[in-house]
Amino acid sequence: MISDKPIAVVLPAGGSGLRMGGPVPKQFLQIGHKPLFEYSVNRLCTYPGIGFVVLVLPPNFLTQYEGLCASYKNLILTAGGDTRWQSVRNGVQVLPPGIHGVLIHDVARPFIPKSVVQTCIESLMAGKNVITACRATDTIKQVDGSCVVNTLDRRAIIQVQTPQAILHADLIDVYQKIDKDQIPHSLATDEAGLLEFAGFKVHWVEGSPWLKKVTTAEDMVWAEWVAGLLLSGKLTLDD
Ligand code: CTP
Ligand code: MG
């Protein structure tokens, strides 16, 4: 399937960063020369072939960042919801009609390799819903409280990242099908979970170690280091 309809991006940035702690949600913390969320905005607003980018912010941060729309002409801002998937849905709802597919990407993963974006766009063009992921490297065990109950086969485990690339029509279908209260928590933390819940097929493609999510204060040390590598040109993520 080749589509001439545009590809859009939704960037959920509406969380409160509870695991990071501190007075300001983690997406607004400075890394290198800009706030964490702006790495994704910059990468994806300037990516060839992306028609629209929706940045989903906590409602009380909308005014502070409305000036960004002057710098990025394809950027739309909107307010987030109580959970990540509701924030993403708010973002999808403000897109203009006629979108082919949507790349959903957590701004908490500031360093996006070009090759990963390209693979996601190509998958959408081929009519496939894909998530990005890396194979598990640690041994994975199921536990019950402090007790180990089962050891899973690591070769059959992937650790899921974003971007996740979903056909627009499927996303709309999923939102119509789900009733918030019925989604188990384990399925509501990413779009693939919603698709699985609604019975859609989801494929996975190789993500990247650079797509690690900034969750805790320790991750900020890593993010500062990577931002430094990018600034000095030692790392480009443009291959
Ligand atoms: N997110 C969102 N709206 C929410 C919750 C999360 O847009 N109601 C976004 C976050 O801003 C982040 C992404 O979803 O970019 C992934 O979420 P996570 O890393 O869990 O961030 P937080 O929910 O902010 O952090 P925590 O779970 O520690 O509170
Ligand atoms: Mg969260």
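Below: a short report on this structure. The structure displayed is predicted, hence computed values, not measured ones. (Residues numbered from 1 in each chain as written. Chains lettered and ligands numbered in written order. Predicted model: local features only at pLDDT ≥ 70, side-chain atom pairs only at ≥ 80, totals over all residues. Heavy atoms only, no water.)

## Comments concerning the overall build of the protein chain
Worth spelling out the cut-off: Numbering of helices and strands runs from the N terminus, with a helix taken as a DSSP run of H or I at least four residues long and a strand as a DSSP run of E at least two residues long. The atom set for the radius of gyration is the C-alpha atoms, and the globule formula is 2.2 Å times the number of residues raised to the power 0.38. Relative accessible area decides the class of each residue, using a 1.4 Å probe on protein chains only: under 20% of the type maximum gives buried, over 50% gives exposed, and in between gives partly exposed. It only takes one pair of heavy atoms within 4.5 Å for two residues to be counted as in contact. A residue counts as positive if it is Lys or Arg and as negative if it is Asp or Glu; His and the chain ends are not included. By convention, charge coordinates are those of NZ in Lys, CZ in Arg, CG in Asp, or CD in Glu.
A tally of helices and strands in the protein chain yields 8 helices and 11 strands. Over its C-alpha trace the protein chain gives a radius of gyration of 18 Å, about what one expects of a compact globule, namely 18 Å for 239 residues. Based on the C-alpha atoms only, the size of the protein chain along its principal axes is roughly 55 × 40 × 35 Å. The buried share among the 239 residues of the protein chain stands at 49%. Pairs at least 24 apart in sequence give 70% of the contacts found in the protein chain among residues at least 6 apart. Taking the average place of the 21 positive charges on the side chains of the protein chain and the average place of its 22 negative ones, the gap between the two points comes to 3 Å.

## A few points about the nonpolar core
Test applied: We call a set of buried Ala, Val, Leu, Ile, Met, Phe, Trp, Tyr and Cys residues a nonpolar core when their side-chain atoms join them within 4.5 Å.
Core analysis: the biggest nonpolar cluster contains 33 residues, and Leu-11, Phe-37, Val-41, Leu-55, Leu-75 and Leu-103 have the highest contact counts within it. For this core, the secondary-structure elements that each account for two or more residues are strand 1 (7–12), helix 1 (36–45), strand 4 (50–57), strand 5 (75–79), helix 5 (114–125) and strand 10 (158–167). It is helix 5 that contributes the most residues to this core, 5 residues altogether. Apart from residues lying up to four places away in sequence, Leu-103 is in contact with Ile-7, Ala-8, Val-9, Val-10, Val-117, Cys-120, Ile-121, Leu-124, Pro-163, Gln-164 and Ala-165.

## A short note on the layout of surface pockets
Put simply, the rule reads: Here the term cavity refers to a set of points on a 1 Å grid, laid over the protein atoms alone, in which a 1.4 Å probe fits but cannot get out; the term pocket refers to an open set having protein on both sides within 12 Å along at least five of seven lines, with lining residues being those that place an atom within 4 Å of a point. Grid points are joined across faces, edges and corners, and a volume is the space filled by probe spheres set on the points. When residues are sorted by character, Ala, Val, Leu, Ile, Met, Phe, Trp, Tyr, Cys and Pro go into the nonpolar class, Asp, Glu, Lys and Arg into the charged class, and all the rest, Gly among them, into the polar class.
Roughly 1,200 Å³ of internal volume is contained in the largest pocket. Residue lining of the largest pocket: 40 residues in total, with Arg-19, Thr-83, Arg-84, Thr-189 and Lys-213 positioned closest to the centre. Contributing elements (two or more residues each) for the lining of the largest pocket: helix 4 (84–93), strand 10 and helix 7 (191–197). The greatest single-element share of the lining of the largest pocket, amounting to 4 residues, is contributed by strand 10. Approximately 260 Å³ is the volume attributed to the second largest pocket. Lining the second largest pocket are 14 residues, and of these Lys-34, Tyr-39, Asn-42, Arg-43 and Leu-230 lie nearest its centre. Within the residue set of the lining of the second largest pocket, elements represented by two or more residues are helix 1 and helix 8 (217–232). Taken together, the residues that form the lining of the second largest pocket break down as 8 nonpolar, 3 polar and 3 charged.

## Describing the pairing of strand 1
For clarity, the cut-off: Any two strands are treated as partners once DSSP identifies two or more bridges connecting them.
With 6 of 6 residues buried, strand 1 is to be regarded as a mostly interior element. Burial of strand 1 is two-sided: the residues Ile-7, Val-9 and Leu-11 facing one way and the residues Ala-8, Val-10 and Pro-12 facing the other way are all buried. Inspection of the sheet shows strand 1 paired to strand 6 (residues 101–104) by 4 bridges, in the parallel sense. Looking across to strand 6, one finds that Val-9 is bridged to Leu-103.

## Looking at unusual backbone geometry
Omega for the bond connecting Thr-162 with Pro-163 falls within 30 degrees of zero, at 10 degrees, which places this linkage in the cis form. At Leu-237, a residue that is not glycine, the phi angle is positive and equals roughly 60 degrees.

## Thoughts on the pattern of salt bridges
Condition: Salt bridge, as used here, is a side-chain nitrogen of Lys or Arg placed within 4 Å of a carboxyl oxygen of Asp or Glu.
Applying the stated criterion to the full structure yields 7 salt bridges. A salt bridge links Asp-106 to Arg-84; its shortest N-O distance comes to 2.8 Å. Here Asp-106, found in the loop between strand 6 and helix 5, pairs with Arg-84, found in helix 4; they are 22 residues apart in sequence, far enough to count as distant. Classification of Asp-106 as buried rests on a relative accessible area of 10%.

## Brief notes about the site of ligand 1
The test is simple: Residues are classed as near a molecule or strand on a simple rule: at least one heavy atom within 4 Å of it. In the analysis that follows, any N or O atom pair within 3.5 Å is treated as a polar contact, provided that within protein one partner can donate a hydrogen and the other can accept it, and provided that, for residues neighboring in sequence, both atoms belong to side chains. Per-residue and other accessible areas were derived by the Shrake-Rupley procedure at a 1.4 Å probe size, with only the shown protein chains allowed to occlude residues. In this description, a molecule resides in a pocket or cavity if more than half of its atoms sit within 2 Å of the grid points defining it.
Taken together, 19 residues lie near ligand 1, and Gly-14, Leu-18, Lys-26, Ser-87 and Lys-213 sit nearest. Gly-81 places a main-chain nitrogen or oxygen 3.0 Å from a nitrogen atom of ligand 1. The contact in question runs from a nitrogen atom of ligand 1 to an N or O atom on the backbone of Thr-83, over 3.4 Å. Contact with the protein chains removes 88% of the 560 Å² of surface that ligand 1 exposes when unbound. Taking a 2 Å distance to the grid points as the criterion, the majority of the atoms of ligand 1 fall inside the largest pocket.

## Here we look at the packing of aromatic side chains
Stated precisely, the cut-off is as follows: For Phe, Tyr and Trp, rings pair up if their centres lie within 6.5 Å, where Trp contributes its six-membered ring, and each pair is then called stacked (planes under 30 degrees apart), edge-to-face (over 60) or tilted (otherwise).
This structure, assessed with the given rule, holds 8 aromatic pairs. With 5.7 Å between their ring centres and 70 degrees between their planes, Phe-28 and Phe-37 make a pair best called edge-to-face. Each member of the pair, Phe-28 as well as Phe-37, carries the same accessibility label: buried. Centre to centre, the rings of Phe-28 and Tyr-65 are 5.3 Å apart; their planes meet at 10 degrees, and the pair counts as stacked. Here Phe-28 is found in the loop between strand 1 and strand 2 (30–31), whereas its partner Tyr-65 is found in helix 2 (residues 62–65), with 37 residues between them in sequence.

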